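# Examination of the molecular architecture
Each chain is listed here by its residues.
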Amino acid sequence: MIRPEILMQLRRWQEVILAACLGAAGLWLIFLGGYILVPSGAATVVLALSMALLAVRRLRFARHSGAMGVVEVDEAQIAYFGPSDGGFISLQDMVELRLLRVSGQQMWRLKQSDGQTLLIPIDATGAERLFDAFAALPDMNTAVLVQELSHTASDMKIIWRRPARGIAHQGAGSPLT
């Protein structure tokens, strides 16, 4: 019988443990040797390292649930249901992500192209799901995302802005003119 506290920590670290096991399997293949096993093992180790890096970033991103409200991510849409406010925002319409402090509490500020914003406490229930949603944004640097969470700055920090959409230039010889 495993104690509940240990079981909870194992569940929290399960992605990192899985990546470590995969890396160990890759090293085992390398040590077996051969023209097929060595490259296969090396590829497995590289895959395990990238999985471990992503898993550690997810762990650093996740906070203990303490704020009121629930976050849901479904079909590229983020929903926040708070006790006094809430709303929905589509990842396709999202143009800006900021981290700010409101009344001593860190919050995500998501802004849509039409100007509407959604404030989500970083420690709301289900807020750990936002990591994968934010990682899917174009040109998002997840290392910066996690790094900014550890800072305790009181000002608004822009984490991500949607890259400007390029307008195709049509020359004089273009068939569309």
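These lines cover the structure that appears in this document, whether it is placed above or below. These numbers come from a predicted model, not from an experiment.

## Looking at the pattern of salt bridges
Throughout the structure, instances matching the rule amount to four salt bridges. A single salt-bridge network, built from bridges that share partners, covers E96, R98, R109 and R161.

## Brief notes about the nonpolar core
Formed by 27 residues in total, the largest nonpolar core has its most connected members in I78, L97, W108, L110 and F134. Every element with two or more residues in this core is listed here: strand 2 (77–81), strand 4 (94–102), strand 5 (105–112), strand 6 (117–121), helix 4 (130–135), helix 5 (142–150) and strand 8 (157–161). Ranked by residues supplied to this core, first place goes to helix 4 with four residues.

## Examining the sheet that holds strand 6
What the four strands build is an open sheet, ordered 6-5-4-8; its pairing is antiparallel. At either end of the open sheet lies a strand with only one pairing partner, and these are strand 6 and strand 8. Sheet twist, expressed as the average angle between the axes of neighbouring strands with direction ignored, equals 20 degrees. Across five bridges, the pairing between strand 5 and strand 6 is antiparallel. Each residue of the ladder has a partner; that of R109, found in strand 6, is L119. Docked against the sheet, helix 5 engages strand 4, strand 5 and strand 8, running at close to 140 degrees with respect to strand 5.

## Focus on the packing of helix 2 (residues 14–32) against helix 3 (residues 37–61)
Axis separation between helix 2 and helix 3 bottoms out at 7 Å; the angle between their running directions is 165 degrees. In terms of orientation, helix 2 lies roughly antiparallel with respect to helix 3. The element helix 2 and its partner helix 3 pack so that their crossing is left-handed. By residue class, the composition of the contact of helix 2 with helix 3 is 19 nonpolar, five polar and two charged.

## Considerations on the packing of helix 3 against helix 5
Between helix 3 and helix 5, whose axes approach to 9 Å, the crossing angle comes to 30 degrees. Between helix 3 and helix 5, the interaxial angle falls into the category roughly parallel. In this structure, helix 3 crosses over helix 5, and the sense of that crossing is left-handed. On helix 5, the residues touching R57, R60 and F61 of helix 3 are T142, A143, L145, V146, Q147, L149 and S150. Per-class residue counts for the contact of helix 3 with helix 5 are five nonpolar, three polar and two charged.

## Overview of the packing of aromatic side chains
Within the structure shown, the criterion is met by two aromatic pairs. Geometrically, the ring pair formed by F81 and F88 is edge-to-face, given 5.7 Å between the ring centres and 85 degrees between the ring planes. Their ring planes at 70 degrees and their centres at 5.2 Å tell us that W108 and F134 sit as a pair that is edge-to-face. Of this pair, W108 sits in strand 5 while F134 sits in helix 4, and the two are 26 residues apart along the sequence. On the basis of relative accessibility, which here comes to 1%, the residue W108 falls in the buried class.

## Here's the deal with helix 5
Inspection of helix 5 places T142, L145, V146, E148 and L149 among the buried residues, and these make up the whole buried set. Down the axis of helix 5, the sector holding all buried residues measures 160 degrees, keeping them to one side. The elements touched by buried residues of helix 5 are helix 3, strand 4, strand 5, helix 4 and strand 8.

## Notes on the pairing of strand 5
Burial of strand 5 is extensive: six of the eight residues sit out of reach of the surface. Here eight bridges tie strand 4 to strand 5, and the two strands are oriented antiparallel to one another. Its bridge partner lying in strand 5, V102 is registered against Q105. Count of turn residues in the strand 4/strand 5 antiparallel hairpin: two residues, of which S103 carries a positive phi of about 50 degrees. Linking strand 5 to strand 6, which pair antiparallel, is a turn of four residues; within it G115 sits at a positive phi near 95 degrees.

Parameters and conventions
Residues numbered from 1 in each chain as written. Predicted model: local features only at pLDDT ≥ 70, side-chain atom pairs only at ≥ 80, totals over all residues. Heavy atoms only, no water. Salt bridge = Lys/Arg side-chain N within 4 Å of Asp/Glu carboxyl O. Core = buried A, V, L, I, M, F, W, Y, C linked by side-chain atoms within 4.5 Å. Buried < 20%, exposed > 50% of the residue type's maximum accessible area, 1.4 Å probe, protein only. Helix = DSSP H or I, 4+ residues; strand = E, 2+ residues; numbered from the N terminus. Pairing = 2+ DSSP bridges. Axes fitted to C-alpha atoms, helices over the stretch in contact; angles between N-to-C directions. Contact = heavy atoms within 4.5 Å. Parallel < 35°, antiparallel > 145°, perpendicular 65-115°, else oblique. Left-handed = near helix turned anticlockwise from the far one by under 90°. Nonpolar A, V, L, I, M, F, W, Y, C, P; charged D, E, K, R; others polar. Phe/Tyr/Trp six-rings, centres within 6.5 Å; stacked < 30°, edge-to-face > 60°. Arc of directions from axis to C-beta.

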